Amino acid sequence: MDILKHYLNRANEIIGERTAEEAKYDREVIRWLRKGKDIKKSIAKANEKYPTEAIQLDDSNLADVQSHYEYQAEHEAIMEKFNTLNT
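Remember, it's a predicted structure, so these values are computed and weren't measured experimentally. Throughout this description, residue numbers start from 1 for each chain and increase along the sequence as written. Local features are withheld for residues below a pLDDT of 70 in this predicted model, meaning they are given only at 70 or higher, and side-chain atom pairs are given and counted only at 80 or more; totals for whole chains, interfaces and linings count all residues. Processing note: side-chain calculations cover all non-hydrogen atoms of the structure and skip hydrogens and water entirely.

Colleague: What is the right way to read the overall build of the protein from this model?
Modeller: From N to C terminus, the protein includes four helices and zero strands. Helix and strand definitions here come from DSSP, where helices need a minimum of 4 consecutive H or I residues and strands a minimum of 2 consecutive E residues; each element is numbered from the N-terminal end. Reading the helices (α) and strands (β) of the protein from amino to carboxyl end gives α-α-α-α. Overall, the protein is about 40 × 25 × 25 Å in size when its C-alpha atoms are taken along their principal axes. For the exposure calls, accessible area comes from a 1.4 Å probe over protein chains only, and a residue counts as buried if that area is under 20% of its type's maximum, exposed if over 50%, partly exposed in between. Buried residues in the protein amount to 25% of all 87 residues. Only the protein chains shown count as cover for residues, with accessible areas throughout obtained via the Shrake-Rupley method and a probe of 1.4 Å. With an accessible surface of roughly 6200 Å², the protein has 52% of that area assigned to carbon and sulfur atoms. Positive charge is attributed to Lys and Arg, negative charge to Asp and Glu, and no charge count is given to His or to the chain ends. To locate a charge, take atom NZ for lysine, CZ for arginine, CG for aspartate or CD for glutamate. Here the protein contributes 14 positive and 17 negative side-chain charges, whose respective centroids are spaced 7 Å apart.

Colleague: Just checking my understanding: could you explain the packing of aromatic side chains for this structure?
Modeller: A ring pair, where both rings are aromatic, is described by two values, the distance of the centres and the angle of the planes. Ring geometry is summarised as follows: Phe, Tyr and Trp rings, the Trp one being its six-membered ring, pair when their centres sit within 6.5 Å, and such pairs are stacked at plane angles under 30 degrees, edge-to-face over 60 and tilted between the two. Per the counting criterion, the structure on display carries zero aromatic pairs. The ring of W32 carries the charged tip of K35 above its face, separated from the ring centre by 4.6 Å. Either the NZ atom of lysine or the CZ atom of arginine qualifies as a charge over a ring when it sits within 6 Å of the ring centre and within 35 degrees of the ring normal.

Colleague: Would you take a moment to explain the packing of helix 2 (residues 20-34) against helix 4 (residues 62-85) for this structure?
Modeller: Each pair of packed helices gets described by two things: the angle between the helix axes and the distance between those axes. Comment: axis = line fitted to C-alpha atoms, over the contacting stretch for helices; angle = value between 0 and 180 degrees taken between N-to-C directions. Closest axis-to-axis distance for the helix 2/helix 4 pair is 10 Å, and the angle between their directions is 90°. Between helix 2 and helix 4, the crossing angle belongs to the class labelled roughly perpendicular. Together, Y25, D26, R27, V29, I30, L33 and R34 of helix 2 and Y69, Q72, A73, E76, A77 and E80 of helix 4 make up the contact between the two elements. Following the grouping adopted for this structure description, the nonpolar residues are Ala, Val, Leu, Ile, Met, Phe, Trp, Tyr, Cys and Pro, the charged ones are Asp, Glu, Lys and Arg, and the polar ones are all others, Gly among them. In the contact of helix 2 with helix 4, the residues fall into seven nonpolar, one polar and five charged. Note on angle classes: values under 35 degrees are labelled roughly parallel, values over 145 roughly antiparallel, values of 65 to 115 roughly perpendicular, and the remainder oblique. Contact between two residues is taken to exist if any of their heavy atoms lie within 4.5 Å; hydrogens are not considered.

Take it as geometry only, folks, not as evidence of what the structure does.
Put into structure tokens, the structure is as follows:
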């Protein structure tokens, strides 16, 4: 298995299958993170825009949610670079 295929399979396992609405919510969180907002503010902004997908943050899940979205943001950046190289 080549390294790209392995990476994509692993990323799909970590991120999981997302509905269209969940994907929009995720992109909104990442958009705010890229603007320099912290995870709490980014989630709050996404919750305002997509209330049906809202995540409730508390001390018990903050670190996991933050790690998840940091991973997703990095994955998105890698895919954007990869797509640029292949066009």
